[in-house]
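Residue strings, one per chain:
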Amino acid sequence: MDKFLFTFICMVTLLGCASTKTPNASGIETKYVDPTLESRSSGVGLESNDVINMTDSMVRSILNDPIFVNLKSPPRILVDETGFTLDGNTRINRKLITTKLRNGLSRAAMGRMVFVARYAQQAIMAERDIKRTGMVDRGTIRQTEATAGVDFKLVGSILTTDERHSNGLTSRYHFINFELIDMELGVTVWADAYELKKTGADDVVYR
Amino acid sequence: MNYAKQVTTVAVILPVLLLSACSSTTKTQPGVLSNLILEANNSHVAGQTDTKEPLPEYLSPYLVENQKSGLRDQVLMNMKAGIASLQQGDYHITRRLMEDAYTRIETLYANNDAAKAARTNYVEEANKDFKGEPYERAMVGYYLGLADMLSGDLQSAKTSFGWGEYQDTMSASENFQSDMSSLIFLRGWAKHCAGEQESARADFTASGVNIDASDNVLVLIESGNAPVKYAAGEHGEKLKFKAADEVQNETWELVYGNTSFEPIQIEDLVFQASTRGGRPIDAILAGKAKFKDTTKSVANGALVGALAASTYSQSQAYSGDYNSSYNASMVGAALGLVSLFANVMSENTVPKADTRQWGNLPRFIHGKTFQVNDWQNANQITLLGNSTNAELYPMPTGKCYLAWHRVDS
């Protein structure tokens, strides 16, 4: 009896030590998640909800600025990533921010401002060429001498500063700066920023 | 309580204690190296590079290893395969692999089962998902930055080099925090090529490597073997670094047209690895080692006691005092059990430090910048060294050109 009990206990002990677990062993079915919600991933960089919140905030800020309300004709604005710089430790697709911003502005402006499609300039020039050579007709709207010049261009930058604390906490502060520059006079006509700070600690085995 | 009951109690309680202390080794999920390579090949602009196979043959060893080691070593596989693909000119693959490594290193592992298990006595440190030591993480930033530059994305390159340099601030030794001047210099170079001259100058000054404002070619030469990690201490609980056996640091000469240049050493990874200082987990591993020693001592002591009790039991039996003999034999049995389980605990304690390493890193990085107005000789620069000569072909990166070469050790 004692021998049986001893053997049983040893077997249970060994099984306990040898047992293993695989996270999500059977996989996870694809599902849609709300991009405006905080991500389950953990890091101190930018996530989808940050991009959505910051671009929504900038759209409201631009459209509420009196300078764009009082103009006689809709200003031509260039919003692309060419003037948007990364000056910190967060790696992000700049086009994601500027495209979302242009899209939001374009929908909300209701014709109060127009957006210059410089990113499609090559295609525009090719189309103008074949119209003018007669390969295709003139289209139905109009012909212009030149493509649109820019009144205001968006520039900006993502600036960060990182902190590492002795208790293992790491923090990253983001200052995402947006400005609209008068492309004739060379002055800033609008500026705003989106700020956020995230903090967390890695398991001690990684510090 | 009689001795028989006491022995039974001990026999039940000890394994329960052992079970509660015994953590599970965690399994890992399948590796994703093949997916990353396919993603890179599917999304890169045709004609930018000349990859003919969806999963290049030269990456087969890493794909096989990734299938075996799974997600636990994903960052390590990305690191190794990333260098291999850069050597083949497939920088779009390097970029995707290093980008994935960057994301995984950036992820904060809080309440992670594998990391939690790695802290317990019975699971080794290498159970945790690999992120690498600070010099290895920093080099992810280095290769990601190079791949960004070769892809024409100078803004991301600035971030990659800067992020890599930040990884070096993990160093516990205050004197050597943030001393990876090569990455500060490269961030400056990326800014220089992006036309951000003011900011670039600040980085050049901080790195101690100054260039002429008109320079538009950067040549990087990597040579030597990666720092070697090894486990020191009686139970291998101390992580140490040493230089690999290799040839001496060479001097190089670059020849372009009728002009020759001498690259300067801008990084020594053995220095970076060996000046890291202590890690917080070292205290945990030291605790594991102490536990292993203590439980071993308890096992040995209990065994001596068990043998003594057994001898005494026999002598009492010979003298006819069967009651004392029985009691002594019960004590001996109890001590025997204590010895057995203490020994099991000691043998199963794993204090060994994690020595997984990025083995195909170089040791030295040499760099040189100069100005070229009109390319001659099919954009060709000749590298002359004691052990090898090579022809380098710089590639455009914004307003500049970059030539990267790895000297085989």
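Residues numbered from 1 in each chain as written. Chains lettered and ligands numbered in written order. Predicted model: local features only at pLDDT ≥ 70, side-chain atom pairs only at ≥ 80, totals over all residues.

Focus on the overall build of chain B
Next up, step 1: When helices and strands are counted, chain B shows 13 helices and eleven strands.
Next up, step 2: Sorting the 409 residues of chain B into buried and exposed places 46% on the buried side. (Helix = DSSP H or I, 4+ residues; strand = E, 2+ residues; numbered from the N terminus. Buried ≥ 20, exposed ≤ 12 C-beta atoms within 10 Å, placed from the backbone.)

With respect to the overall build of chain A
Next up, step 1: For chain A, the count of helices and strands is five helices and six strands.
Next up, step 2: Taken across its 207 residues, chain A has 24% of its residues classed as buried.
Next up, step 3: Relative to all contacts within chain A whose residues are 6 or more apart in sequence, the contacts with residues 24 or more apart total 65%. (Contact = placed C-beta atoms within 7 Å.)

Quick look at helix α8 (residues 154–167) of chain B
Next up, step 1: With 14 residues, α8(B) extends 20 Å from end C-alpha to end C-alpha; this agrees with the ideal 20 Å at 1.5 Å per step.
Next up, step 2: Of all 14 residues in α8(B), 14 are buried; the element is thus mostly enclosed. (Expected span 1.5 Å × (residues − 1).)

With respect to the nonpolar core
Next up, step 1: By size, the foremost hydrophobic cluster in this structure holds 72 residues, and its most contacted members are B:V140, B:Y143 and B:A190.
Next up, step 2: Looking at this core, the element that brings in the most residues is helix α7 (residues 134–150) of chain B, giving eleven residues.
Next up, step 3: Those residues in contact with B:V140 that lie beyond four places of it in its chain are B:M79, B:M98, B:A101, B:Y102, B:I105 and B:G164.
Next up, step 4: Grouped together as the second largest cluster of nonpolar side chains are 27 residues, A:L46, A:I77, A:L86 and A:I181 included. (Core = buried A, V, L, I, M, F, W, Y, C linked by C-beta atoms within 7 Å.)

Overview of the packing of α8(B) against helix α9 (residues 181–194) of chain B
Residues and elements named next belong to chain B.
Next up, step 1: One can describe the packing of α8 onto α9 by two numbers: an axis separation of 8 Å at closest approach and a directional angle of 165 degrees. In this view, α8 runs roughly antiparallel relative to α9, as classed from their interaxial angle. Viewed along their axes, α8 and α9 form a crossing whose handedness is left-handed. Residues L154, Q155, A157, K158, F161, G162, G164 and E165 of α8 touch α9, and the partners they reach there are L183, I184, L186, R187, A190, K191, C193 and A194.
Next up, step 2: Counted by class, the contact of α8 with α9 contains nine nonpolar, three polar and four charged residues. (Axes fitted to C-alpha atoms, helices over the stretch in contact; angles between N-to-C directions. Parallel < 35°, antiparallel > 145°, perpendicular 65-115°, else oblique. Left-handed = near helix turned anticlockwise from the far one by under 90°. Nonpolar A, V, L, I, M, F, W, Y, C, P; charged D, E, K, R; others polar.)

Structural notes on the confidence of the model for chain B
All names here are of chain B.
Next up, step 1: This prediction gives chain B a mean pLDDT of 88; 89% of its residues lie at or above 70.
Next up, step 2: Across chain B, helix α4 (residues 74–87) holds the top mean pLDDT of 98, while helix α1 (residues 3–21) sits lowest at 56.
Next up, step 3: Scored as a complex, the prediction yields pTM 0.86 and ipTM 0.80. (pLDDT = per-residue confidence, 0-100.)

Some remarks on the sheet that holds strand β4 (residues 252–256) of chain B
All names here are of chain B.
Next up, step 1: In space, the four strands of this open sheet follow the order β5-β4-β8-β9, with antiparallel pairing throughout. Lying at the two open borders of the sheet, with one neighbouring strand each, are β5 (259–261) and β9 (389–392). Sheet twist, expressed as the mean angle between neighbouring strand axes with direction ignored, is 25 degrees. (Pairing = 2+ DSSP bridges.)

Some thoughts on helix α5 (residues 91–106) of chain B
An α-helical turn contains 3.6 residues, so a residue and the one three or four places further along point in the same direction.
Next up, step 1: Its 16 residues give α5(B) an end-to-end C-alpha distance of 22 Å, which sits within 8% of 22 Å, the value for a rise of 1.5 Å per residue.
Next up, step 2: With 14 of 16 residues buried, α5(B) lies mostly within the body of the structure.

Observations concerning unusual backbone geometry
All names here are of chain A.
Next up, step 1: Even without glycine at this site, M110 takes up a positive phi of about 50 degrees.
Next up, step 2: Among the secondary structure elements, M110 is positioned in the loop between α4 (94–109) and β3 (114–115).
Next up, step 3: Overall, M110 belongs to the exposed group, with 9 C-beta atoms counted inside 10 Å.

Points about the pairing of strand β1 (residues 217–223) of chain B
Residues and elements named next belong to chain B.
Next up, step 1: Of all the seven residues making up β1, seven are buried; the element is thus mostly covered by neighbouring parts of the structure.
Next up, step 2: Burial of the side chains of β1 extends over both faces: V217, V219, I221 and S223 are buried on one face and L218, L220 and E222 on the other.
Next up, step 3: Relative to strand β7 (residues 364–370), β1 runs antiparallel, the two being bridged by seven bridges. The partner of V217 across the bridge, within β7, is F370.
Next up, step 4: Both β1 and strand β11 (residues 400–406) contribute to a ladder of six bridges, which runs parallel. When the sheet's bridge partners are listed, L220 is paired in β11 with W404.

Some points on the sheet that holds strand β10 (residues 395–397) of chain B
Residues and elements named next belong to chain B.
Next up, step 1: Spatially, the five strands line up as an open sheet ordered β6-β7-β1-β11-β10, and their pairing is mixed. Sheet topology places β6 (264–268) and β10 at the edges, where each strand pairs with a single neighbour. Each neighbouring strand pair of the sheet contributes to a mean axis angle of 30 degrees, computed without reference to strand direction.

A word on the environment of B:T349
Residues and elements named next belong to chain B.
Next up, step 1: Looking at the secondary structure, you find T349 in the loop between α13 (322–348) and β7.
Next up, step 2: For T349, a count of 24 C-beta atoms within 10 Å gives the class buried.
Next up, step 3: Separated by 324 residues in sequence, T349 and T25 have C-alpha atoms that sit 12 Å apart.
Next up, step 4: In this structure, T349 is in contact with N121, Y122, K288, F291, K292 and T295, ignoring residues within four places of it in sequence.

What to know about the packing of α7(B) against α8(B)
Residue and element names in this part refer to chain B.
Next up, step 1: Relative orientation of the contacting elements α7 and α8 amounts to 170 degrees, with a least axis distance of 7 Å. Between α7 and α8, the interaxial angle falls into the category roughly antiparallel. Packed against α7, whose contacting residues are P134, R137, A138, M139, V140, G141, Y142, L144, G145, D148 and M149, the element α8 presents L154, S156, A157, S160, F161, W163, G164, E165 and Q167 at the interface.
Next up, step 2: Among the residues forming the contact of α7 with α8, the class breakdown is eleven nonpolar, six polar and three charged.

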